[in-house]
Amino acid sequence: RAAFVRGQCELAAATPADDARPLLLDRQAELVARLKTFDPPPRPRAADPFRVQDFDLTTYERGFPATVTWFGQDWSAAGFRRVLAALEAHLAASPPRTLEVGGVPPERAADLVRHPVAAGLRGLTLAVAGDRRGRGAVAVAQAVAASPHLKTLRRLNLPAELTDAAVAALAAADLPNLTDLTLG
């Protein structure tokens, strides 16, 4: 694991044009394959239904999980509270900086960005459920724009068709660190 962390640090410091980058990527793949076969002692698991990505979907930055992905099915008030509690536990144990949520109803996406658990995120993807025409995207964009917890956000991905009102809300948002915005 230490070799993996060192390799991640070297990879983070390497530029895309760096001659050593392909070798570092090869070494990372080799170490990931080796770590997958390692059978560590049992560790406490985060509360279901939330989990840090694993297997070939894992993304790492400097040896630590960088992304948490959850495609939910239970978006009831109780289910959403369980998701928030599990997310808080994950962020406390291993602070990933990117959250990807799929299949989320617009009102729950808005609740999520208004919740303090969103503070500290650098990347956020909100795939709104059943919102092909951008109806819920306006509410989500307005919630993103109004959230006091997204000041550290660097990457925002809203994969929905956005209306002019949603784009206007995002344009007016106070997101001082945002450098990557993906819409639609």
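Predicted model, so just to flag it, every value in this text is computed and none were measured.

A. Examining the overall build of the chain more closely. Helix and strand counts for the chain stand at 6 helices and 7 strands. Mapped in sequence order, the helices and strands of the chain form the string α-α-β-β-β-α-β-α-β-α-β-α-β. Split into buried and exposed, the 184 residues of the chain put 38% on the buried side. Looking at the chain alone, contacts between residues at least 24 apart form 72% of all its contacts between residues at least 6 apart.

B. Main features of the side chain of Arg-108. For Arg-108, the location among the structural elements is in helix 4 (residues 106-114). If we ignore the near neighbours within four places in the chain, the residues touching Arg-108 are Trp-75, Ser-76, Ala-77 and Phe-80.

C. Examining a positive patch on the surface more closely. Taken together, the side chains of Arg-97, Arg-122, Arg-154 and Arg-155 define a basic patch exposed on the protein surface. Mapped onto the fold, Arg-97 is located in the loop between helix 3 (77-93) and strand 4 (98-104).

D. Quick look at helix 6 (residues 164-171). Every buried residue of helix 6 is accounted for by Ala-166, Ala-169 and Leu-170. In an axial view of helix 6, the angular spread of the buried residues amounts to 95 degrees, which keeps them on one side of the axis. Residues Asp-164 and Ala-171 are exposed on helix 6 and point more than 90 degrees away from its buried face.

E. Spotlight on helix 1 (residues 2-13). Its 12 residues place the ends of helix 1 17 Å apart at the C-alpha level, agreeing with the 16 Å of an ideal helix rising 1.5 Å per residue. All buried positions along helix 1 are accounted for by Phe-4, Gly-7, Gln-8 and Leu-11. The buried residues of helix 1 all sit within an arc of 105 degrees when viewed along its axis, so they share a single face. For helix 1, exposure combined with an orientation more than 90 degrees from the buried face picks out Arg-6 and Ala-13.

Quick notes on the rules
Residues numbered from 1 in each chain as written. Predicted model: local features only at pLDDT ≥ 70, side-chain atom pairs only at ≥ 80, totals over all residues. Heavy atoms only, no water. Helix = DSSP H or I, 4+ residues; strand = E, 2+ residues; numbered from the N terminus. Buried < 20%, exposed > 50% of the residue type's maximum accessible area, 1.4 Å probe, protein only. Contact = heavy atoms within 4.5 Å. Patch = residues over 30% accessible without salt bridge, like charges linked within 9 Å, V, L, I, M, F, W, Y side chains within 5 Å. Areas by Shrake-Rupley, 256 points an atom, 1.4 Å probe, with all protein chains shown as cover. Salt bridge = Lys/Arg side-chain N within 4 Å of Asp/Glu carboxyl O. Lys, Arg positive; Asp, Glu negative; His and termini not counted. Charge placed at Lys NZ, Arg CZ, Asp CG, Glu CD. Arc of directions from axis to C-beta. Expected span 1.5 Å × (residues − 1).

Purely spatial values, then, with no claim about function.
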